[in-house]
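Reading the structure
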Amino acid sequence: MWRGLLPKGTTCLLQVAAQSSLHQRHVSSQCFRLVTCRFLHKLREKSCIPRHRSPYFFLSHNLIRNYKKDAKSTVEFPLSPITVTDIKQYLRSKDIPFHDGYSCLHIPSIFIDALTRKDSFSLFIDKTTGQFLCKDTLVEGSWEDLQDCLEVMQKDEQDSLSPHVLLGYPESLEEQEEREREQREVREIWSSSMPFAELHEEEAQLIKTMFQITKISNATLKKFGVRLFKPTKSLVFPWFGGPDSSLKGIKLLSAQWIDAEKVTYNEATVPKCNSYFNLFGLALVSRMDSEVVVTGSELDTLAVSQGTGLPSVALPRGVSCLPPALLPYLEQFKRVTLWLGGDIRSWEASKIFSRKLGLRRCTLVRPGEFQPCPLEALSQGKNLSRIVKASIPAAHKSIVSFKQLREDVFGELMNTDQVAGVKWTRFPELNRILKGHRKGELTVFTGPTGSGKTTFISELALDLCMQGVNTLWGSFEINNVRLAKIMLTQFAMQRLEENLEQYDFWADKFEELPLYFMTFHGQQNIKTVLDTMQHAVYLYDINHVIIDNLQFMMGQENLSVDKFAVQDHIIGVFRKFATNSSCHVTLIIHPRKEEDDRELQTASIFGSAKASQEADNVLILQEKKLVTCPGRRSLQVTKNRFDGDVGIFPLDFIKSSLTFSTLIKGKHKLRKVAAKLENEEEFQGNEVTLKKDEGKKEKPTKTAKASQVVKSPANGNEKSK
């Protein structure tokens, strides 16, 4: 009866025993005291907000309940933030020995008999979040869960606790059916797949050619358990885990040739990616191994293992994320080499992941012409062992010379398109001005009240999120349900109110996006928001944070302080966060009140000049309120620190899908002007007309400048690209 009274999220949802024993197990007195202690502790909190547990949190292989990341996954900072100093002080107060590891503290497991565990430090406590994992029993939980267990042990004078002491919530019928369906699908696909040794030699060679793994031997494929699923011609990578090393999931990899030389890979996992935590290759790692090579794909792991003989594991989500729940499994290694790929994005991910793993033990393989991704290096006959040995330390001094920066500079010069960032697919005109979306930058976005700032920036962020940019939304102006509804409509490109039968189809696809929401609404304190952002960056490797808007964080500050000084402080905090976290922050700021017939300028941003000074990019959504025809809205870039290009282009709002798009009319006009450039006299005539409109004299030197001027709406004061 008392279980139904508990707030959701108050106990760890972990169980190592069989699922069928859940409803038959009697509640022990220890268990009752543990949960009662937690319940009373929660009631004493100022606000009893349920803790939404991350999907990354549940790495164990036998869960009572699998949380499903829905279309509006929320991110909350723990009610009582914990530090590593607090954890150490508490452990010392309980006379519990611990080892200070790279990313975790190691203590003897309290879920194993004292005589059995001896000197085994098999319980790992995350230094950042306090979450723990016992590798021997696969019991895991929060720092509060561990504290409660230790208090119960001390009160009852016990040396250990049963792994079953942490109660879980029973699965709903729908969740149970979903889990059983996934496990059935895993078994069917695995049993239908064929080892490469059983394929005909010609067929096996054809498949290897398709996936560009001709250099990978059948022995290596057999060693890692890789199979072929013939119906879809996909490679099958197994996930073995748990005390019995049973099959927990699979990843299907298909290959598609774009041209004669380039191939793209498509992945599908069962269970879904938000519940798939397979460090591929971990089952082959010995307890005595002290060195490991971490790669971004399973094929690269095969290449490293064959080419170097070193232990190698592949991250389940590639370079997009390193879930903290995987860190305990990498604690045993004294040297971790990150070789995530051969492009700039992989290099940036390597530097970010090394912070989680511990800088002093990590080395990075710098991508370049002579150091491509492992699979490509093996195909080219390169010495992979030499490349691994030549990896550079992740830690660096505060002062460096050009010698240390030389290779980084060369890499940026050689990969200018990748350095420019992720390109937008829905806003090609923005790509021509900003060149792309880059990490570590601060973008200030403004526009008149009611012009559609939130609607536009949600589509801008959705475009990037659909390309794999991990996104965190902080919407203080409208609630998350309404924001998710807007983004889902933009994602489906239609009004789902009129097509409710398609809702589940689009919601399932939308659910797979790396998109998260803060649960704040209304005025918030900047420290609380910043702590939540840092928490999300650690858990989900967030690349893009949207704050809507700045004014909602100013009301919680000291009223006796000048409001402009408060705003400058907040902007400085976001600037520092973007740089230190290598995360792009988009900050929406309301403008000053202007006349309806006047266009906004950079100086129109509310507050002092610090906002535009600190920002790398300044975007203004212009609106002609006295005009009702198409093209009354336009996007103006007034600052671009990356390469200095600025400009403006018209937008057309499509109400049925809540999306913005570049006007077709503007594109047609662009083509006409480009065609006239073949005749120099016509070009000069056009330029004279433009000079009259602009009221200033400019020298037409490039075709691109003329086209940008034509695309610009009536804006006589703005310099065009």
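Residues numbered from 1 in each chain as written. Predicted model: local features only at pLDDT ≥ 70, side-chain atom pairs only at ≥ 80, totals over all residues. Heavy atoms only, no water.

1. Focus on the overall build of the protein chain
How we decide: Only DSSP runs of H or I reaching four residues or more are called helices, and only runs of E reaching two or more are called strands; each is numbered from the N terminus. Throughout this description, buried means an accessible area under 20% of the type-specific maximum (1.4 Å probe, protein chains only), exposed means over 50%, and partly exposed covers the range between. We call two residues in contact whenever any of their non-hydrogen atoms come within 4.5 Å of each other. Surface accessibility in these figures is a Shrake-Rupley result with a 1.4 Å probe; residues are shielded only by whichever protein chains are displayed.
Each helix and strand in the protein chain was counted, giving 23 helices and 25 strands. Among the 721 residues that make up the protein chain, the fraction classed as buried is 53%. In the protein chain, of all internal contacts separated by at least 6 residues, the share reaching a separation of at least 24 is 68%. Taken as a whole, the protein chain presents about 34,300 Å² of accessible surface, with 53% of it coming from carbon and sulfur.

2. Describing the nonpolar core
A general trend in soluble globular proteins is that nonpolar side chains are found buried together. Stated formally: Side-chain atoms within 4.5 Å link the members of a nonpolar core, which is a set of buried Ala, Val, Leu, Ile, Met, Phe, Trp, Tyr and Cys residues.
Counting residues in hydrophobic clusters, the biggest one holds 68 residues, and the most contacted among them are M533, I542, V545, I547 and F574. Considering every element that reaches this core, the biggest residue donor is helix 18 (residues 526–540), with nine residues. Aside from chain neighbours lying at most four places away, what touches V545 is L472, M518, M533, F577, C583, H584, V585 and T586. Counting residues in hydrophobic clusters, the runner-up holds 38 residues, among them M487, L496, W506 and I588.

3. Observations concerning the confidence of the model for the protein chain
Low-confidence regions, as indicated by low pLDDT, have predicted coordinates that should not be scrutinised in detail. As a reminder of what qualifies: The predictor's confidence in any single residue is recorded as pLDDT, a number from 0 to 100.
Put simply, the protein chain has an average pLDDT of 79, and 77% of its residues get 70 or more. The low-confidence segment residues 38–72 (pLDDT under 50) makes 111 contacts with residues lying over four places distant or belonging to another chain. Across residues 664–721 the pLDDT falls below 50, and counting only partners more than four positions away or on other chains, this stretch makes 58 contacts in the model.

4. A few points about the sheet that holds strand 13 (residues 312–314)
Rule in force here: Strand pairing is assigned whenever DSSP detects at least two bridges linking the two strands. Helix axes use the C-alpha atoms of the stretch in contact, all axes being lines fitted to C-alpha atoms, and the angles between their N-to-C directions lie in the range 0 to 180 degrees.
Strands sit in the order 13-12-14-15-16 across an open sheet of five strands; the sheet is mixed. Lying at the two open borders of the sheet, with one neighbouring strand each, are strand 13 and strand 16 (392–393). Bridge count between strand 14 (residues 335–339) and strand 15 (residues 362–364): three bridges; the pairing is parallel. Residue pairing in the sheet places L338 in a bridge with L364 of strand 15. Relative to strand 13, helix 8 (residues 298–308) is tilted by about 175°, and along the sheet it contacts strand 12 (291–295), strand 13 and strand 14.

5. Comments concerning unusual backbone geometry
Omega for the bond connecting V270 with P271 falls within 30 degrees of zero, at 0°, which places this linkage in the cis form. Within the secondary structure layout, P271 lies in the loop between strand 11 (263–270) and strand 12. D548 connects to N549 through a cis peptide bond whose omega is 10°. With respect to the secondary-structure elements, N549 resides in the loop between strand 20 (544–548) and helix 19 (563–581). Phi at Q212 is positive, roughly 60°, even though this residue is not glycine. Following the sequence through the fold, Q212 ends up in the loop between helix 6 (201–210) and helix 7 (218–223).

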